[in-house]
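Coordinates in review
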Amino acid sequence: MKRTLKEIFSTSLYLLIVLALTFLVVTYVGQRTKVSGSSMEPTLSDGDNLIVDKISYRFSEPERFDIIVFPFRYAEKTYYIKRIIGLPGETVYIDDSGNIYIDGELLAESYGKEPITDPGRAYEPITLGENEYFVMGDNRNNSSDSRDPAVGNIYRNEFIGKAWMRIWPLNQVEMIQHQ
């Protein structure tokens with residue numbers, strides 16, 4: 001009887017520790033998320049499973065071209081995965097030819113799947129405030145991002161984390177390249 005109680009207590013304590021550690025990891029370190037849609041193609045595809053790094057931005061600032069995860073403001077349990085294009089204090093503008101300008105300088109980047117056909121709200125220069133970021137999907141003509149007023153500029157405190165690793169499909173497991 002005494003031995004059975006000891007085993008029950010030992011197993012319960014073990015399970016409690018495992019659950020507590022799992023909670024801490026998911027809350028503060030990383031979590032799995034699934035890509036829905038094609039807005040980040042060709043970098044990420046519909047159905048890809050990622051691990052999101054939730055700890056890096058506690059020690060360093062987000063950088064241009066980082067791929068971040070953040071909640072959509074108007075739908076519960078809906079998260080967007082986008083690439084940072086504009087940083088706090090910068091002015092973002094997209095011309096009629098689909099060129100992206102940061103503070104009047106043409107942005108040298110090769111992440112866009114194709115030329116932008118709709119600059120959205122960036123058809124006029126957008127100056128980002130303190131802690132505001134301008135984000136876009138790599139599939140520029142099939143992405144709801146900062147060009148859309150429903151998404152708009154993303155505040156730093158809205159970031160869930162940084163896409164860190166693709167874990168599914170198995171034949172495409174890799175670290176996510178940001179720069």
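The paragraphs below set out a description of the structure included in this document. Keep in mind the model is a prediction, meaning the values are calculated, not measured. (Residues numbered from 1 in each chain as written. Predicted model: local features only at pLDDT ≥ 70, side-chain atom pairs only at ≥ 80, totals over all residues. Heavy atoms only, no water.)

1. Points about the pairing of strand E3 (residues 67-71)
Across the five residues of E3, four count as buried, placing the element largely inside the fold. Where E3 and strand E4 (residues 79-86) come together, five bridges link them in antiparallel fashion. Within E4, the position partnered with Pro71 by the bridge is Tyr79. Bridge count between E3 and strand E11 (residues 161-168): two bridges; the pairing is antiparallel. Directly across from Val69, in E11, lies its bridge partner Gly161. (Buried < 20%, exposed > 50% of the residue type's maximum accessible area, 1.4 Å probe, protein only. Helix = DSSP H or I, 4+ residues; strand = E, 2+ residues; numbered from the N terminus. Pairing = 2+ DSSP bridges.)

2. Quick word on the nonpolar core
One finds Ile85, Ile100, Phe134 and Met136 to be the most contacted residues of the largest nonpolar core, which totals 14 residues. Those elements that provide at least two residues to this core are strand E5 (91-94), strand E6 (100-102) and strand E9 (132-136). The residues touching Met136, leaving out its near neighbours within four places in the chain, are Met40, Lys82, Arg83, Ile85, Ile94, Ile100, Ile116, Ser143, Asp145 and Arg147. Counting twelve residues, the second-largest nonpolar core is a separate cluster that includes Tyr80, Ile84, Val135 and Phe159. (Core = buried A, V, L, I, M, F, W, Y, C linked by side-chain atoms within 4.5 Å. Contact = heavy atoms within 4.5 Å.)

3. Thoughts on the packing of aromatic side chains
Under the defined criterion, the tally for this structure stands at six aromatic pairs. When the ring of Phe65 is compared with that of Tyr111, the centres are 5.1 Å apart and the planes differ by 50°; the resulting orientation is tilted. Of the two residues, Phe65 is situated in the loop between strand E2 (49-53) and E3 and Tyr111 in the loop between strand E7 (105-106) and strand E8 (126-127); the sequence distance between them amounts to 46 residues. Tyr111 carries the same exposure label as Phe65, and that label is buried. Both rings, one in Tyr93 and one in Tyr101, keep their centres 6.0 Å apart while their planes meet at 35°; by these two values the pair is tilted. (Phe/Tyr/Trp six-rings, centres within 6.5 Å; stacked < 30°, edge-to-face > 60°.)

4. Structural notes on the sheet that holds E5
Overall, antiparallel pairing links the four strands, which are arranged E7-E6-E5-E8 in an open sheet. The two strands at the open ends of the sheet, each matched to only one other strand, are E7 and E8.

5. Digging into unusual backbone geometry
That bond from Glu41 to Pro42 is cis: its omega, 10°, falls within 30 degrees of zero. Mapped onto the secondary structure, Pro42 falls in the loop between strand E1 (30-34) and E2. Cis geometry marks the peptide bond from Trp168 to Pro169, where omega comes out at 5°. Within the chain, Phe65 stands out as a residue other than glycine whose phi angle is a positive 80°. Of note, the phi angle at Asn131 is positive, near 65°, even though the residue is not glycine. Along the chain, Asn131 falls in the loop between E8 and E9. In this structure Asn131 comes out as partly exposed when scored by relative accessible area, which is 37%.

6. Comments concerning a nonpolar patch on the surface
Together, Phe9, Leu13, Leu16 and Ile17 make up a nonpolar patch on the protein surface, roughly 410 Å² of accessible area in all. Mapped onto the secondary structure, Phe9 falls in helix H1 (residues 2-29). Judged by its relative accessible area of 57%, Phe9 falls in the exposed class. (Patch = residues over 30% accessible without salt bridge, like charges linked within 9 Å, V, L, I, M, F, W, Y side chains within 5 Å. Areas by Shrake-Rupley, 256 points an atom, 1.4 Å probe, with all protein chains shown as cover. Salt bridge = Lys/Arg side-chain N within 4 Å of Asp/Glu carboxyl O.)

7. Quick look at the pairing of E9
Successive side chains on a regular strand alternate, one facing one side of the sheet and the next facing the other. With five of five residues buried, E9 lies mostly within the body of the structure. Of the two faces of E9, the one holding Glu132, Phe134 and Met136 and the one holding Tyr133 and Val135 are both buried throughout. As paired elements, E4 and E9 share three bridges and run antiparallel to each other. Residue Gly86 lies in a different strand from E9, and its bridge partner there is Phe134. In this structure, E9 lies alongside strand E10 (residues 154-155), joined through two bridges in antiparallel fashion. Bridge pairing in E10 links Tyr133 to Ile154.

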